Structure formats: C-alpha cells, structure tokens
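# Working through the structure, step by step
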Amino acid sequence: MKTDPLTLAVIQASLSQVCNEMDVAFARAAFSPVIAEAEDRADGIYDAVDGSLVAQGELGLPVFVGVMQHSAGHIIRLIREGAVAAPEDGDIYVVNDPYLGGTHLMDVRFAKPVFVDGPRGKQLYCWLQNTGHWPDVGGMVPGGFSAHATEVEQEGLRLPPVKLFKRGELDREILSIIQSNIRIAEQQIGDIKAQAAALLVGETRLRELIARYGANGLRDAIALIRERSAERMRAEIRRIPEGTYRAEAFVDSDGVVDAPLRIALAVTRAGNALTFGFDGSSPPCAGPMNSVWATTCSAVYLAMRHVFPDVPLNAGAFAPLDIRRPEGTFLDARYPRPVSGCAAEVSQRIAEAVFLCLVQAVPDLVWAAPAGTSGNFALGGFDPARGAGYVMYQITGGGYGGTAAVDGLTNGCSTIGISKTPPVEVMEQAFPVLFRRFCLREGSGGAGATRGGFGVEYEVEILRGEARASFVMDHGRFGPPGVLGGADGAPNVVRVHRGGETFIPKHLSKDQGIPLSPGDRVEVLTPGGGGYGDPFARDPALVARDVGRGYYTADDAARLWGVALDVSGAVDAAATGTLRGVRRAAE
Amino acid sequence: MRCVAGIDVGGTFTDLLMQDADGTVRLAKVPTTSMNQEGANQADGVLAAIEAAGSSPAELDLIIHGTTATTNAVLERKLARVGLITTAGFRDILELGRRTRPRAYSLFGSFEPLIPRELRREVPERMDARGAVVVPLDEEAVAAAARALLADGCESLVVHFLHAYANPAHERRAGEIARAIWPNAYVTLGHELLSEFREYERGTTASVNAAVQPILDRYVARLQGELTARGHRRDLLVMNGNGGTVPARAVAREAAKTVMSGPASGVMAAAATLAQTGLANAITCDMGGTSTDVALIAGGVPEVSAELSIAYGLPIHLPMVDVRTVGAGGGSVAWLDAAGMLRVGPESAGSEPGPICTGRGGTRPTVTDANLVLGRLDPARLMGTRDAVTVERVRDAFFRSLGEPLGMSVEEAAEAVLRLANLHMSGAIRMVSLSRGHDPRDFCLFAFGGAGPLHAVALARELGIPEVLVPMRPGLTNALGCLVADLRADVVNTVNRGLDDVEEGAIAAILAEQRERALARMRDEGGEVVGTEVLHSADMQFRGQTHLIRVALPDPRPTRGAIQAAFEAAYFARFQVRLPEIRAVLVNLNTSVIGRRRPFSLAALLDAAEWGKDARVGSRRLYADGAWHDAAVWQRERLAPGMRVKGPAILQQADATTVLEPGSVATVDAIGNLRIAA
C-alpha cells in the first residue's frame, strides 16, 4: 500500500477520530455524572502483540494518557501465560486491578479484542479499550476514596481480567458478583452498557478503516505513524538543553502516618532521549497515597503532554521518554498497598515535579507549580426533610502557576482533570447545605514577575441532620512552589467549625468521618499557583491594578513586589524606585 | 405586495436581498464598514447596500437587519463599562467560573471576566434554593452600591442575586432602587433575562447583555435615524440568535440575544429553503475564511440550544440556534511538523494577511490557495484581493514549503491539503451530529457561504452523505435568513422538581402565563405579523444528571404521563438507553411565540431571462483524484430547472463556486437549488 505522507496524515486523523467517537459514545450514554459530566473516562486502540498505544481519544480525562497500554500489556501477558482465557470474537474483558496497569479501583477498564480474517482463519488485529470511573466499587467508604485504608481490600472489589461479555453476550454470573459487591448497583448497569457500547462504536468505525486501507496496509501505516510521533517528540526534546534537572515535590501525608512523602525527580536530557529518575523518593506508605507503576508513567506522560500538547498521542510519543522504574518507592506500589489517592493527588505531584525540572531548562515553555489538587470534600449524611441519605462531593480548583507570558489562571481545574465544578445553586438544591461564601482567595497567588492564579475559598453550613465530612486534598503543608525567583502559592487550608470550636485536621488536607451537626460549618481555602520570576521585575502598574481589585493589600505590594502606592492607589514611582533600589543595593 | 429587504452585515461583506412591490428580487454585496473605522460604523455599509441595489430607504416598507455589532464587541472586548450588584459572599462567581481551563492540555491561558473585580459590589441579602429569605435585602446598601458604581463611571448595571430564579423578589426590589438612581435604561436583572439556575451562566449572560446594551442601542438608534432621515417610515427588525427578529426599539433590552445572530440567520434561510424544497433533514455547512459553522436541522426545525458560549468562559444561556463553529476554513494554513507530517490548521491566515492568492501579504499556503492551484477556483474571480498574485507564485509556495520536502508534485501537495482539511471538517461534522444522537448519513449536506460549495461534494463523500444541496444564492444566505425570519419571543421558568411532585394544574398555569407574557411582549413590540404560533417545551433530565433534554409539549395542558412519555422517547432517541427505575425531573418550562411574517417564495430568486443563454461558458483544467481533468465551466444562473450537469464540472456564480467532483451529478430543482448526488 502507498504510505505516502498524505495517507499517513489521513490515517492518523482517522484513528484519532475513531477514538473521539468512542469517547463521545461513552459519555453520552453513561448515566453516572462522573462519566457523563465530569468526563472521567478514556478510550483507545492498542497493539495486538504488546498492547502499546495506537491512538487515544482527545476527549478523555488527561490522567489516562497512555495508562491503558500498561493494562493491555498485562492482559496479553496473562493470556499468553494461560492465566486468563483466550479471546474470542465478541468478548469484552473487565479489569480494575491497579497492579495490572491501572490507577485506582474505581477506574474500571473494558478491553475488546478485534479480529480480522487472515490466511489461517480469524486473527487478532488489535485491542480496543476504555476506562470509566465507576461511582462505587465497594470498600470501606462510598465512592472509594478512603483516607485511612491500609490495604487494597479495604478500598473495594478488585477484578482480574475476566470476560464480562462472552461472544457478545453479557455474563450474568460475573455481573451478579460485581453487583453484589458495590453500592448503587442497580444504576451501574447503565454505565456498563454504555462502556461496552462505546467499544462497539469503535469497532465499527475501525472496520471501515480496515476495509479502506486493508489490514496489512493499516498496520504498516500505524507503525510509520508511531515512528513519526517518536520523531516529533525527539524534536521537542531537542529544544531542551542537554543536562540534568532536579526537583522535589511533596505529598502532605499518606492519610495514616503524618509525615510528608517526597518525590525526588531528576530529568536528564541526553541526545534525543529524556530520562526520568525517581531515586531518593519515599518508600511505599501505609495509607492510600501510593502510586502504581502505570499511573506513575501516565503522570509523566500527561505532564509532557501539557508542555508539548501537539505531539500525536500514541506509543511513539512516549518512546523517547525513558522512565526508570522506581522500585522500592511509593511510586511503584505493589500488592496490597492501598492506592486510592494515586490518580487524583499523587499523579499531580509527579506532574508538578516534571514541571519544576523542565521550567529550569525551558522557562518559556513551562510554568510555576499549579495548585495541583482535586480538592475533594465529601459530605455524607441523612437529610430528615427528605427522609433520605446523601453523599455530596464538592471539588474545587486552584490557581495555576505564573508563566513567561501571563499570570496564572484563577480557579483552574486539576492538572489531571477537565471537569467543571457544580454551581452553588445546584449544590444547595440537592443537599441540606448553605454556602456562606464562595469567592476568590485573596493574596493566594504566589508573587512573581508574573504571579500565580488565585485559589478559591468557601464556607458551607450543614442545615439539617447529622453528617460526616471527609477530605482528600493536598498542598496543605507546603504551597505550590514558585520558580525562577517567584514565591510559593498559598497552601490549602481546611477548617471545621463545630459546636463553637474550630478543628483543623491533623493531616491538614486529609481526614475522614468528621461528625457534623446542623449549624456546623466547613471552610476550605484552596492553593494559589506559584509565582514565576523576580517579583521586583513586575510592571508596577499591574501591581497597582491587582491592589485596586483587592487581590492584594498595599502592604503586600510594598513587601512582595517593592511597589509603593499613593493614597489614590496609583504607583508612587519615586518611592517604588527607592524600595526596589534598596534590595538591589543589598545584593 | 410590499417592498422588503433583508440586510446582513458579515465580517467582510454586507449583503442585501430585497423583493420589490412587483415581486422582483434585487441583490447587492458591498464591503462591510467596520465599527472602528474613523467616524464610520456598520450603518454606512447598510445604507451603501441599499444604494447599490438601486433602492432607497424611502422605497422600503420593511428592513430586517442582521448585525455583528454585538458579536464583534464581545470578541474584541470593546464593551461598555458595567457594574455588578450581587449577593454578599459571591461577587467573584463571574471571575471563578466553573473551574476550567482554555485547553485540555497546556496550563497557559488566562481569563478576564467582563466585569472587573473593582466594579463588583456586594450587598447583604440571601435566598435559599427554595426561594425562602435567609437574609433580608439591605435596601440602603443597594442604593449606596448603585451610586458608587455610577461614580466609578459605569454605564450599565447588572443586579444578580443567588437563587433569584426561585424567588426574584430581592432582585426586583434592588432593580427598582437602582433604576431610580441610574440615569439610563441600562439595568439588567439576572432573572429577567434568564430565569434558570446556575449562577455563573446566568450572571455571565446578564453581564454580556449589559456590556453590549449601550453599543447596540446607539448603533440601532443611529441606523434607524439615518433611515428615517432618508424617508424610511418603519421600525426596522433586528435578527436574534434564536432565529427570530425583534423590532429596533425593543432590541436593546435583551441585547445579548443578538450575539451570534449571524450564523443563526443562515440556518433559518436553510430551514426555509428545505421547507420549500420538501426536505426535512439537513446538516448545514457554512464555510468561511477562518472557520466553518455547522448546524443540524431535523424534521424541518433547526436545533436550538441554551448552552452555547461565545468564547472561553463566556456562556450565553439564552435559546439560540445551535450553531457549532469548527476552526477550519479557507484560511487554514498547511504546514509540516517537526517529524515531516503534513498538517492543516488550526492556525489560520484569516483575512490579514490572508491566503497567498489574495495578495494581502500572506506567504504560507492555505486551503484557498490549494483550491486555486487545483483549478477549483478561478484566479480571475477571487473576491477581496488587494494585489494580483499569479497562480505561478502560489504554486511556487506549495512547491517550496510542501511539495519539495514531501517529495510530491505541487498538485499532489495541494490535493493532500484539501483532503486533510476535508477530513478535519468531516470529523467535526460527525462529532457535532453524533454528540446529539444523529447519524450524518440520514441528512443532506446544505452547503453555503463563499467556500461551502467548493468542498461540499468531497465532504459529503467523506461523511457518507448521499446528497448535497447548494441553494440558489449560497453567498447571500444570511441576507435571505433575514428576509424569511419571523418575529419571536421566548419565556422560560425554572421548576426543577421531580415530575411526580408537580401538579398538572401548575404546569398548565405556568404555560398559560408564559403564553400571555410572550404574546403581550410581541404586541408591545408592534411588529407586523400574519399569524402567531405558540410552542411549549420542557427541559428535562433524570435525577442526578445534568444533561438537559428538550421535549416539545404540543398540549398546553399536558398530563404528567404525556410529559414522561415524551421525555423517555427523546432520551432513548439520543442516548439509546432506557431508565425506567429513575425519576424524571422537570427542570424548565419554555414558551416561544412565533409571529409569522408574510412568506417569501424562493422561486422569486429565479431569473427566467437568463435561461435562454448558453450556460456552458467554457472549460478549465481541474485536478481531482490524482489527475487533471477537462472540466466544463457553467454559469449557474443560466441553468434552468430540470437541467443536469455531470462532474467533473465547475458551476460559477457571482457569490460562490460549486465544484462537481468526477462522478457526481447535479440537477437543478424547481426553485433553483443544485441537488447533487455525491
């Protein structure tokens, strides 16, 4: 077949389109808001031999970048070893084992083999796979985010690869095992159908491509496209000056032992390759802030994709990235370490470490640290007015880091997500709560030549019934780091006001099951982004504007930026010159 | 018969389509005069168009006008200074948004709210989600805030309180207080424009309204003044984004509705054309220089959405014709990436510097240039050119930047660019239709705009769409939309309760009240109609979801069972899922009153005098499917109904060029449409 540059470009766009259509089909048919609204899912095509990524949808949640190729690889290995039944046409395997190329238990993967007719009968051509975040998979708390779990069994039902669909038929026995072990089981059937239907959509569209280009032709093109992506990534890597760049990022605690977890990262650019070494990172932890190998890899991939967003998404893009497996650290957790925090929080700290390394090397392409937490506050209780229990999730964004070009974004989404937060009006309709305020967190953006974006703060009161509050957040101990002379963003703060007293969780950003009564209030202040560059290099007029808007005080302007304002709020040039000159003189 | 003109101001051209008292149709196309030129504004272009058509304002009985004044004002952020009075504790809602970022990947990007923080003032007041008062309104604080914002130089004011959709009492009272102080009519109450929950979207919609209100008011007043001074005796009608029109004197009150009205009028014209053609389903594709607008018409009715955004972070939650913009057009730039892969877009040469062939300084090959190289466009008939550029120069650019490095001929490279551009566009069209539960193969492709008919047949083939329809006047579709648009008034109320909990009588009462309110508004506005039609609908969802599904309520006294059944059917049609165990929620009740204007027969666009002339005006070399072909060139207007043309062929007309790929066949139907079997 002709594999000219045009055909390659067309096939590449077509493969991506197949995955995008799976993404859409999954989200629009899914029932759970976490998939339908928060888009916590991803779809892709994987190699028949080694499971490597052929193409992935552009609409999937960023945390899943590249993660499912690990999952596909494990399924293929287990089939080869005879541990898992061999695939037949129409089968769909279900698996959520984190240690077999996953994230946390809630992210459930479906894998469907695609066969084509070959000279010796049907041949496995490739795998289609998708991941959906199920609202519950059993375990000690609804939703699966226990801050106190110390082994994976406490986090929920763990499924090895098993055929949920056999030759196109749903296996009712396996379904009943799943449904007997999860909460709100009756609603899950809608999501299961949606997840399987998305793979069927993908198969139909993929077969159109196979018919158009031939099975062999398409396979050859896929190999060439992968090589082109690798070349593309190598070209991006060559923009990074040769050398080793080091940075650290810290998870507040694991939720069980109150001590920070260190991610030590060294990124080395040598020739066309970029090596990621995590030597010196903390050992596996007791609580659920462990990361499995697949998630650690995907955190690096997603960070690189944020920095170089235009490289087409397939295994070739990852080939020049040499991630050294961090054995013996909490970034390579093995059974039975609990892992529920890996996707939402640890992955963001890994990405932060990548940003902090690369910003030293290519300061125009990278930013200071973003807030980097999903800000998960869960409130479970009983509403006597409705006579029903409820579980409320409030997620919030935070400030992004300053950049060479612009100030950081305010209330940006977590690095690994793309979903919106629900409006206050919706929360108050649905749950017995009243928000006292929901506003920008003044002063939270780290000072810099460009400043960090602002976090948010909110205070929510329980109106009726008893409830329990849980938090899985991060950056409570240290704010998101500033870079190149910029200051850190403000750290995350949780305050619980109950019975007239103020309670601060021992682990600052993580706690579970705090009992609350009507009138009690929860206050959350999310992190601001880190500042970028020397604050004294910031245009004084922008500092004056920020004070005029109430983002900072006049005192902040003088102290952090060396900018003096007159009574009207305008820049006092002479006094500013003096303030800034004093420091320069001291240097 | 009366003399009526539709006049649409687009980005480059101002188009006019008018019908005289004796039924003859006149056309005009003049350059758009921009708002920022010295002393000029769009009104000058409108007057020039009337003159170019050989008419005068005095002769016209009715003018229906589509304007981009408000769209441009928002996109360019040339807006009125707006102040906000809002609930204590919540002034930052408009700045915080919904926790998003501009792009899924990359943490660059920024967002400035329409109302800066120093002009957002809080007052003590609070309602709960059921509309009960939690904190009484501090009336003194409202007055003080209004005075302070006035002193800060604000021209418009927004009053936006939490849960005002559930109980607007505080917002209304604050509005009274503020209006007593405010020196003009530019006071927008959040719930008046949009009585729906979601504070960010409602507040942003209100601030867009306030920010464009003075701009639209001044523009329309000036245009109406100029027309009146030249003897025009009527109130002109202005197009809204919902596909309806509103009389000039009432249009500024809900100015936000004119934002995104341009694309809507094109879709309304498509719907009218389909109706007169006897077709029900179409995907409309309006391809321009920088982008392509795509919309769906199912069952003869354009799809409407109340959840569109004009730009990142700027949702306008008013019912609008659901037009999705794809970032690919004639100006999309073709380039090679670091790995030597061919790419088209997303960067666009726009109109400045524009494609190479327009001679406005562009040096990088674009989709339009590829069309020229392949003989699909006639270099002698390019519009909007500044300096003449030879085809040789364009070919040279293709050779240097694409052909040589790729080892391809100039023609192969240019065809590759078109194919990739068509692939991006067809992918986007598929996503637009699939995400709304439609298979594009069930539709015809309705192609218009300057570049739509150039690509339509190739696009249809890529999509598996069997038929392409190119209307008689593809380059004047928006002006036609003005000519055929009806008057329209929309009213919405949020219910947001389980369907089982709502009294059937209450539903009927709300619909009856909405009907009266919409009819009264239409009467007050004084537009001339030949009949009115009332359409009720409900926005619904399953509890726990946030997708809204709109279902029509043909009966003004619907039973709960009928509503439930309609919702379940609509839900299944869209998602292929039945959920009998989950309760349905009635979120909003909507009422639209359509004031039907005198119908315009598209057959009037035909010019029988042209039919006798020789339609085949020449031939040109056309490159398609990897080879040069001799393609006949036909003068479109000279093709009489019933005539058939086989591809490869080029059909040229003043406002567009249609390319028939080899193997396709076009037939002219009774009202002059090209019906192309792709």
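Bear in mind that the values here come from a model prediction, so they are computed numbers and not experimental data.

What counts as what
- Residues numbered from 1 in each chain as written.
- Chains lettered and ligands numbered in written order.
- Predicted model: local features only at pLDDT ≥ 70, side-chain atom pairs only at ≥ 80, totals over all residues.
- Heavy atoms only, no water.
- Helix = DSSP H or I, 4+ residues; strand = E, 2+ residues; numbered from the N terminus.
- Rg over C-alpha atoms; globule rule 2.2 N^0.38 Å.
- Buried < 20%, exposed > 50% of the residue type's maximum accessible area, 1.4 Å probe, protein only.
- Contact = heavy atoms within 4.5 Å.
- Pairing = 2+ DSSP bridges.
- Axes fitted to C-alpha atoms, helices over the stretch in contact; angles between N-to-C directions.
- pLDDT = per-residue confidence, 0-100.
- Salt bridge = Lys/Arg side-chain N within 4 Å of Asp/Glu carboxyl O.
- Polar contact = N/O pair within 3.5 Å; in protein donor to acceptor, adjacent residues only side chain to side chain.
- Parallel < 35°, antiparallel > 145°, perpendicular 65-115°, else oblique.
- Nonpolar A, V, L, I, M, F, W, Y, C, P; charged D, E, K, R; others polar.
- 1 Å grid on protein atoms, 1.4 Å probe; cavity = no way out; pocket = protein on both sides within 12 Å on 5 of 7 lines; lining within 4 Å.
- Points joined across faces, edges and corners; volume = space filled by probe spheres on them.

Across its full length, chain A holds 13 helices and 20 strands. The C-alpha atoms of chain A give a radius of gyration of 25 Å, which matches the 25 Å a tight globule of 587 residues would have. Counting only C-alpha atoms and orienting by the principal axes, one finds that chain A spans roughly 85 × 60 × 40 Å. Counting across all 587 residues of chain A, residues that qualify as buried make up 65%. In chain A, the share of contacts with a sequence separation of at least 24, taken over all contacts with a separation of at least 6, comes to 72%.

What follows concerns the sheet that holds strand β32 (residues 649-653) of chain B. Backbone hydrogen bonds are what pair the strands of a sheet, in a parallel or an antiparallel way. Residues and elements named next belong to chain B. Judged by pairing direction, the sheet is mixed, and its four strands sit side by side in the order β29-β30-β32-β33 without closing on themselves. If you trace the sheet from one side to the other, it starts and ends with β29 (616-624) and β33 (656-660), each paired once. In this sheet, adjacent strand axes meet at a mean angle of 25 degrees when their direction is disregarded. Note: β29 against strand β30 (residues 627-635), eight bridges, orientation antiparallel. Paired with Leu622 across the two strands is His629, which belongs to β30.

This part is about the confidence of the model for chain B. Averaged over every residue, the pLDDT of chain B is 90; the share at 70 or more is 97%. Listed scores for the predicted complex are pTM 0.91 and ipTM 0.93.

Further remarks concern the pattern of salt bridges. Residues and elements named next belong to chain A. Under the criterion given, the structure shown has 94 salt bridges over all chains. Here Arg559 and Asp555 are joined by a salt bridge, their closest N and O atoms 3.9 Å apart. Taken together, the residues span about one helical turn, with Arg559 and Asp555 both in helix α12 (residues 554-561) at a distance of four residues. Residue Arg559 is classed as exposed on the basis of its relative accessible area of 53%. Several salt bridges share partner residues, and in doing so they unite Arg437, Glu457, Glu459, Arg495, Arg521 and Glu523 into one network.

Residue and element names in this part refer to chain A. Spatial strand order, β2-β1-β5-β4-β3-β6-β7: seven strands in an open sheet with antiparallel pairing. Each edge of the open sheet carries a strand with a single partner, namely β2 (53-56) and β7 (169-170). Judged from the seven bridges that link them, strand β1 (residues 41-47) and strand β5 (residues 121-133) form a sheet pairing that is antiparallel. Its bridge partner being in β5, Ala42 is matched across the sheet by Thr131. Relative to strand β6 (residues 162-166), helix α4 (residues 172-179) is tilted by about 125 degrees, and along the sheet it contacts β6 and β7.

Moving on, we get to the environment of Ser298 of chain A. Residues and elements named next belong to chain A. Residue placement: Ser298 occurs in helix α7 (residues 293-307). What makes Ser298 buried here is its relative accessible area of 0%. Along the primary structure Ser298 and Ile350 are separated by 52 residues, whereas in three dimensions their C-alpha atoms are 9.7 Å apart. Setting aside residues up to four positions removed in sequence, Ser298 forms contacts with Val63, Val65 and Val67. Within polar-contact distance, the side chain of Ser298 engages the backbone oxygen of Val63 at 2.7 Å.

For the rest of this paragraph, the subject is the packing of helix α1 (residues 5-29) of chain A against helix α12 (residues 410-434) of chain B. With their axes 10 Å apart at the nearest point, α1 of chain A and α12 of chain B run at an angle of 5 degrees to one another. Classified by the interaxial angle, the pair formed by α1 of chain A and α12 of chain B is roughly parallel. Between α1 of chain A and α12 of chain B, the contacting residues are Leu6, Ala9, Val10, Ala13, Ser14, Gln17, Asn20, Glu21, Val24 and Arg28 of chain A on the first element and Ala416, Arg419, Leu420, Leu423, His424, Gly427, Arg430, Met431 and Leu434 of chain B on the second. Broken down by class, the residue content of the contact of α1 of chain A with α12 of chain B amounts to ten nonpolar, five polar and four charged.

Let us look at the layout of surface pockets. Residues and elements named next belong to chain B. The computed volume of the second largest pocket comes to approximately 700 Å³. At the level of elements, α5 (169-181), β10 (187-189), α6 (190-193), α7 (199-229), α8 (248-251), β25 (487-498) and α15 (504-525) are the ones that each hand at least two residues to the lining of the second largest pocket. Its residues assigned to classes, the lining of the second largest pocket shows 13 nonpolar, six polar and twelve charged.

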